[in-house]
Amino acid sequence: MKRIAILGSTGSIGLQTLEIVRDNPDLQVVALAAGSNVNRMEEQIREFKPLLAVLWDEGAARDLKERVADTDVQVAYGMDGLIAAAVHPMAEVLVTAVVGMIGIRPTIAAIEAGKTIALANKETLVCAGHLIMPLARERKVDILPVDSEHSAIFQSMNGEPKNRISKILLTASGGPFRGKTKEQLQNIRPEDALKHPNWSMGPKITIDSSTLVNKGLEVMEARWLFDVDFSRIQVVVHPQSIIHSMVEYEDGGIMAQLGAPDMKLPIQYALFYPDRRPMKGKKLDFYDIGQLTFEKPDMENFEGLRLAYKAGETGGSMPVVYNAANEKAVRLFLDGKISYLRITEIIRACMEEHRKTDNPDVEQILRTEQETYEYIEKLY
Ligand code: NDP
Ligand code: MG
């Protein structure tokens, strides 16, 4: 029996993780946490019978507690609740599937408690990788990537000499607006950007995929997970999303991981690593696929990727500004308050304004996030 806790159980990754639990009777859920979705959390409690259920929102948690009073589940809320779920004494693995920097404190707490981390929450690593990776090494805790590209890179390193890696080739679908110019991007509405050609995901990452900010965050995520510098991480646009990423070695040999675009594979791989369990669903048929194509990313019209390299290379608190500015700008765009192109303009403006702090601690990271939000509120 493997016991798991999930932060973000009601979201896209959380729901797919629970589908895997349904298919594998030797997985047991001991703690679930989400933001405010009482209905979904109640359903999940009744089906998966966790010992602890957490909602960030206090009022929603109170409502939940009344609704599930007939069960044995314990209900908690807020940051204390998230941390309690992350360090639950019965759990061996924590799936971090919340969206945004809210994941930083619970992830650190889980590592300190010795939990294996199945990491989907890339924003946490982007902002606090310099704290999280050394801590994980010190506590001998595995951080297993859930993000499909990083899972592919991880799989492409199985049994290979780490000191012989020459390059990471991070693939990108290019999103729904690949090939468009800034002019054509001007009037994109939220409903256009919420349609991704290959993947079905939560709203924030879907917008990030369309702006290439998601790929930018993934470049920074790869830098921390695999300890390579930015000059050795190359983004390759591959619209079919069949090759999920590759690693080139010094002899020119390239290892890649391929598969149908389905997040359940990387999630399941992280949960059972190093085993490979059977999985339902369509397998690749190369006669159907016919051809795979590759392109260079367009960093002029999709500035989000260029800015990510800049933020990552600058380091310190700059990735926090990149990420916080994007989180806020995406929210403003989804609320209809700013235009599509403003998202990357805001990121650029915030980065230009920021004076970086080296090696920020958690307090400084959260303060930088807050200051970035306030700067944007003043501007727009
Ligand atoms: P969703 O928006 O679908 O889900 C977000 C989850 O986080 C929900 O369960 C939500 O709860 C919860 N949440 C939001 N705010 C809080 C909070 N303050 N406290 C506790 N829980 C909170 O996101 P995704 O599943 O798409 O993405 C999750 C993470 O995984 C992101 O970092 C994303 O970049 C990454 N990722 C996602 C992929 C995908 O295919 N979706 C692929 C690779 C990475 P509620 O429902 O109650 O609001
Ligand atoms: Mg990804």
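Residues numbered from 1 in each chain as written. Chains lettered and ligands numbered in written order. Predicted model: local features only at pLDDT ≥ 70, side-chain atom pairs only at ≥ 80, totals over all residues. Heavy atoms only, no water.

Trainee: Could you clarify how one ought to interpret the sheet that holds strand β7 (residues 143–145) in this entry?
Mentor: Within a sheet, neighbouring strands are paired by backbone hydrogen bonds and run either parallel or antiparallel to one another. As summarised here, the arrangement of the seven strands in space is β4-β3-β2-β1-β5-β6-β7, forming an open sheet in which the pairing is parallel. With partners counted over all chains shown, the strands left at the sheet margins are β4 (74–77) and β7, one partner each. The sheet shows a mean angle of 25 degrees between the axes of neighbouring strands, taken without regard to direction. Summarising the sheet, strand β5 (residues 93–96) and strand β6 (residues 116–119) pair through four bridges and their orientation is parallel. Following the sheet pairing, threonine 96 is matched in β6 by leucine 119. (Pairing = 2+ DSSP bridges. Helix = DSSP H or I, 4+ residues; strand = E, 2+ residues; numbered from the N terminus. Axes fitted to C-alpha atoms, helices over the stretch in contact; angles between N-to-C directions.)

Trainee: Whenever I open this one, the side chain of asparagine 326 confuses me. Can you help?
Mentor: In this structure, asparagine 326 sits in helix α15 (residues 318–334). The exposure class assigned to asparagine 326 is buried, which follows from its relative accessible area of 0%. Looking at asparagine 326, its side chain comes within polar contact range of the side chain of aspartate 208, at 3.0 Å. Excluding residues within four positions of it along the chain, asparagine 326 makes contact with Lys204, Asp208, Val213, Ile343 and Ile347. (Buried < 20%, exposed > 50% of the residue type's maximum accessible area, 1.4 Å probe, protein only. Polar contact = N/O pair within 3.5 Å; in protein donor to acceptor, adjacent residues only side chain to side chain. Contact = heavy atoms within 4.5 Å.)

Trainee: Explanation requested: the site of ligand 1 in the structure shown.
Mentor: The local shell around ligand 1 holds 26 residues, among which Thr10, Ser12, Ser36, Asn37 and Glu123 are the closest. Between ligand 1 and the protein, one listed contact pairs an oxygen atom with a backbone N or O atom of valine 98 at 3.5 Å. Contact with the protein chains hides 87% of the accessible area of ligand 1, taken as 900 Å² for the molecule alone. For the shell around ligand 1, the secondary-structure elements that each account for two or more residues are α1 (12–23), α6 (122–138) and α10 (203–211). Classifying every residue of the shell around ligand 1 by side-chain character gives 13 nonpolar, 10 polar and three charged. (Near = heavy atom within 4 Å. Areas by Shrake-Rupley, 256 points an atom, 1.4 Å probe, with all protein chains shown as cover. Nonpolar A, V, L, I, M, F, W, Y, C, P; charged D, E, K, R; others polar.)

Trainee: Honestly, the coordination of the magnesium ion (ligand 2) in this entry has me stumped. Any pointers?
Mentor: Each pair of donors in an ideal four-coordinate tetrahedral metal site encloses 109.5 degrees, whereas pairs in an ideal six-coordinate octahedral site enclose 90 or 180 degrees. Protein-derived ligands of the magnesium ion (ligand 2) are Asp147 (OD), Glu149 (OE) and Glu218 (OE), with the metal-ligand distances lying across 2.1 to 2.2 Å. Sequence positions of the residues that donate to the magnesium ion (ligand 2) give the spacing D-x1-E-x68-E. Relative accessible area serves as the criterion here: at 7%, aspartate 147 is assigned to the buried category. (Donors = N, O, S within 2.8 Å, 3.2 Å for Na, K, Ca; no water.)

Trainee: In this structure, what is going on with the pairing of strand β3 (residues 52–55)? I would like to understand it.
Mentor: Sheet faces and side chains relate simply in a regular strand, where the side chains alternate between the two faces. Taking every second residue as pointing to the same face, both faces of β3 are buried, with Leu52 and Val54 on one and Ala53 and Leu55 on the other. Both strand β2 (residues 27–34) and β3 contribute to a ladder of four bridges, which runs parallel. Bridge pairing links leucine 32 to alanine 53 in β3. Note that the unit made of β2, helix α2 (residues 38–48) and β3 has a crossover that is right-handed. Bridge count for β3 against β4 is four bridges, and the pairing is parallel. What sits directly across from valine 54, in β4, is alanine 76. Note that the unit made of β3, helix α3 (residues 58–67) and β4 has a crossover that is right-handed. (Right-handed = clockwise from strand over helix to strand, strands pointing away.)

Trainee: Teacher, can you tell me more about helix α16 (residues 342–353) here?
Mentor: An α-helical turn contains 3.6 residues, so a residue and the one three or four places further along point in the same direction. Look at α16: 16 Å from first C-alpha to last across 12 residues, which is about the 16 Å you get at 1.5 Å a residue. Within α16 the residues assigned to the buried category are Ile343, Thr344, Ile346, Ile347, Ala349, Cys350 and Met351. Residues of α16 that are buried in the fold lie against α10, α11 (213–226), α14 (303–314), α15 and α17 (362–379). (Expected span 1.5 Å × (residues − 1).)

Trainee: Can you walk me through the nonpolar core in this structure?
Mentor: For soluble globular proteins, nonpolar side chains are generally found buried alongside one another. Ranked by size, the top nonpolar core spans 121 residues in total, and within it Leu64, Ile143, Leu271 and Tyr322 carry the most contacts. When residues in this core are grouped by element, the largest group, 10 residues, is from α15. Residues contacting tyrosine 322, with those up to four places away along its chain left out, are Val213, Gly216, Leu217, Met220, Gly304, Leu307, Ala308, Ala311, Ile347 and Met351. (Core = buried A, V, L, I, M, F, W, Y, C linked by side-chain atoms within 4.5 Å.)

Trainee: Would you explain unusual backbone geometry in this entry?
Mentor: Working note: non-glycine residues mostly have negative phi, and peptide bonds are mostly trans. Residues tyrosine 273 and proline 274 are joined by a peptide bond in cis, for which omega reads 5 degrees. Mapped onto the elements, proline 274 comes out in the loop between α12 (264–272) and α13 (286–289). Although it is not a glycine, leucine 212 adopts a positive phi angle of roughly 70 degrees. Mapped onto the elements of the fold, leucine 212 is located in the loop between α10 and α11. Here the phi dihedral of serine 241 falls at roughly 50 degrees; this positive angle occurs in a residue that is not glycine.

Read these as layout, nothing more, since geometry by itself doesn't imply function.
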